[in-house]
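What follows is the residue order along each chain.
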Amino acid sequence: MLEVRQDRPRRGPLPPLPLAALPGHALVYAFTPLADQRILDVLGRIRERGNPLVVVEIPAGEPTARPDDEIDALALRLWRAEREAMRATLRGRGIPVVVHTPGEALDLALGPLLRRRIVGAGR
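Residues numbered from 1 in each chain as written. Predicted model: local features only at pLDDT ≥ 70, side-chain atom pairs only at ≥ 80, totals over all residues. Heavy atoms only, no water.

**What to know about a nonpolar patch on the surface**
Moving on, step 1. On the surface, L27, Y29 and F31 cluster together to form a nonpolar patch covering roughly 290 Å² of accessible area.
Moving on, step 2. Within the fold, Y29 resides in strand 1 (residues 28-32). (Patch = residues over 30% accessible without salt bridge, like charges linked within 9 Å, V, L, I, M, F, W, Y side chains within 5 Å. Areas by Shrake-Rupley, 256 points an atom, 1.4 Å probe, with all protein chains shown as cover. Salt bridge = Lys/Arg side-chain N within 4 Å of Asp/Glu carboxyl O. Helix = DSSP H or I, 4+ residues; strand = E, 2+ residues; numbered from the N terminus.)

**Examining unusual backbone geometry**
Trans peptide bonds make up most of the peptide bonds, and negative phi angles are found at most residues other than glycine.
Moving on, step 1. The phi angle at L34 is positive, at roughly 50°, despite the residue not being glycine.
Moving on, step 2. Summarising the element assignment, L34 is placed in the loop between strand 1 and helix 1 (39-48).
Moving on, step 3. Assessed through its relative accessible area of 0%, L34 is described here as buried. (Buried < 20%, exposed > 50% of the residue type's maximum accessible area, 1.4 Å probe, protein only.)

**Topic: the pairing of strand 2 (residues 53-57)**
Moving on, step 1. In terms of residue burial, strand 2 counts as a mostly covered element, since five of its five residues are buried.
Moving on, step 2. Of the two faces of strand 2, both are covered, the one formed by L53, V55 and E57 as well as the one formed by V54 and V56.
Moving on, step 3. Here five bridges tie strand 1 to strand 2, and the two strands are oriented parallel to one another. Following the sheet pairing, V28 is matched in strand 2 by L53.
Moving on, step 4. After leaving strand 1, the chain enters helix 1 and then returns to the sheet as strand 2, a path that is right-handed.
Moving on, step 5. Here strand 2 pairs with strand 3 (residues 97-99) via three bridges, running parallel. Its bridge partner being in strand 3, V55 is matched across the sheet by V97.
Moving on, step 6. A crossover links strand 2 with its parallel partner strand 3, the connecting element being helix 2 (residues 70-92), and its sense is right-handed. (Pairing = 2+ DSSP bridges. Right-handed = clockwise from strand over helix to strand, strands pointing away.)

Put into structure tokens, the structure is as follows:
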């Protein structure tokens, strides 16, 4: 488990993932709010190793925008577009992304994945 905390902001790369501790071809579930582009590098390294990977997005809540403020509205649209771009990047790499709504059973989010086999990338 790799923990990244919001109350301790980091600059630069995320801490290295101890890939030697990750068994080859082990199914990996990554729980993330997709709030930082650097997570794409970590998930990419897991995928490159050949591990099957599922990203479970845990929404952290949207920024608030004042109703009559055009700049706030634009910033919110850009924030949403960045999240969607991250999801699209992951899916483009063959990594399934599901959204887990807080308070909802995790099985509901993961259910659609049960219809197909989750495979890793070839090495």
